[in-house]
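Now for the letters of each chain:
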Amino acid sequence: VSILILSILAGTVEVSAQESAIVNEKEIQRLLQQAGQATSYTWFAAESAGKKLGKMGKPAVPILTTALQNNNSNIRLTAVFALGVIGPSSQEAVPSLINVLLRDEDRFVQSESANTLMKIGPAARAAAFPDLIQAWHNTKEEFMVKEGSASPSLLRILSKTVKENPELIPRLIQ
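Described below are features of the structure shown in this document. (Residues numbered from 1 in each chain as written. Predicted model: local features only at pLDDT ≥ 70, side-chain atom pairs only at ≥ 80, totals over all residues. Heavy atoms only, no water.)

So, about the overall build of the protein chain. Counting its secondary structure elements, the protein chain contains ten helices and zero strands. Ordered by position from the N terminus, the helices and strands of the protein chain form the series α-α-α-α-α-α-α-α-α-α. Across the protein chain, contacts joining residues at least 24 apart in sequence account for 64% of those joining residues at least 6 apart. Of the roughly 9,500 Å² that the protein chain leaves accessible, carbon and sulfur atoms contribute 55%. (Helix = DSSP H or I, 4+ residues; strand = E, 2+ residues; numbered from the N terminus. Contact = heavy atoms within 4.5 Å. Areas by Shrake-Rupley, 256 points an atom, 1.4 Å probe, with all protein chains shown as cover.)

If you want it as structure tokens, here you go:
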């Protein structure tokens, strides 16, 4: 089965869309479970698994979006990386990514969710702007005192969004 999955992902075996979705769902679940079982999980490992998952494209977005709610931070971080690799096709995950940015207890997951919103594109950032401002208000004190907070990523995304949409500046300074 593993050779079949690798062949499908490499494009050397053609399958129907329905067969591909089944194989992808099983492979997505396997990679996420593998991430969750790791005892010594690193940023690099999450990024590597996220890249593999991201190559599966838009069909993986619903499963990855659900994974953002998992109790295991390794799984959440891997899902966030994967959504970033998928990029603009991950648009439907934006509300969940904002929730992660605002509420996740893992600072790495929070920070990477901001980076993923950057990768999804300008429309996602503009739509998320009110929530991004709220997140900034929630974390700006943390930014001053806590190294490694999500605030630097948040500041980058706010800055880029305002540069792309100058009409949003008044909302930023309210």
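What follows is about the side chain of D106. Structurally, D106 is set in the loop between α6 (94-103) and α7 (107-120). Although D106 is buried, it makes no salt bridge; R76 carries the closest opposite charge, 5.1 Å away. Among the polar contacts made by the side chain of D106, one reaches the main-chain amide nitrogen of F108 at a distance of 2.8 Å. Residue contacts for D106: discarding those within four places in its chain leaves S73 and R76. (Buried < 20%, exposed > 50% of the residue type's maximum accessible area, 1.4 Å probe, protein only. Lys, Arg positive; Asp, Glu negative; His and termini not counted. Salt bridge = Lys/Arg side-chain N within 4 Å of Asp/Glu carboxyl O. Polar contact = N/O pair within 3.5 Å; in protein donor to acceptor, adjacent residues only side chain to side chain.)

This brings us to α7. Compared with the 20 Å implied by 1.5 Å per residue over 14 residues, the 20 Å span of α7 between its first and last C-alpha is a close match. Considered for burial, the residues of α7 that qualify are V109, Q110, S111, E112, S113, A114, N115, T116, L117 and I120. For α7, the side-chain oxygen to backbone nitrogen distance between the N-cap and F108 is 2.8 Å, and the N-cap itself is D106. Backbone geometry just after α7 places G121 at a positive phi near 130 degrees. (Expected span 1.5 Å × (residues − 1).)

Further remarks concern the packing of helix α5 (residues 73-86) against α7. Viewed as axis vectors pointing N to C, α5 and α7 meet at an angle of 15 degrees, and their least axial separation amounts to 8 Å. Taken together, the axes of α5 and α7 are roughly parallel relative to one another. Regarding α5 and α7, the two cross each other, and that crossing is left-handed. The segment α5 lies against α7, with S73, R76, L77, V80, F81, L83 and G84 engaging F108, V109, E112, S113, T116 and K119. Class assignment of the residues belonging to the contact of α5 with α7 gives a composition of six nonpolar, four polar and three charged. (Axes fitted to C-alpha atoms, helices over the stretch in contact; angles between N-to-C directions. Parallel < 35°, antiparallel > 145°, perpendicular 65-115°, else oblique. Left-handed = near helix turned anticlockwise from the far one by under 90°. Nonpolar A, V, L, I, M, F, W, Y, C, P; charged D, E, K, R; others polar.)

The next thing to look at is the packing of α6 against α7. Where α6 meets α7, the axes come as close as 8 Å, and the angle between the chain directions of the two elements is 145 degrees. Seen along the crossing, α6 lies across α7 with a hand that is left-handed. When α6 is examined against α7, the residues V94, L97, I98, V100, L101, L102 and R103 are found in contact with a partner set consisting of V109, Q110, S113, A114, T116, L117 and I120. Broken down by class, the residue content of the contact of α6 with α7 amounts to ten nonpolar, three polar and one charged.

What the rule picks out here adds up to six salt bridges. Between R76 and D104 there is a salt bridge, with its nearest N and O atoms 2.6 Å apart. Within this pair, whereas R76 is found in helix α5, its partner D104 is found in the loop between α6 and α7, the two being separated by 28 residues in sequence. Note on accessibility: R76 and D104 belong to one class, buried.

Residue position: G84 is located in helix α5. Sequence separation of G84 and M118 is 34 residues, and the distance between their C-alpha atoms is 8.3 Å. With sequence-adjacent residues up to four places away left out, G84 is seen in contact with T116 and K119.

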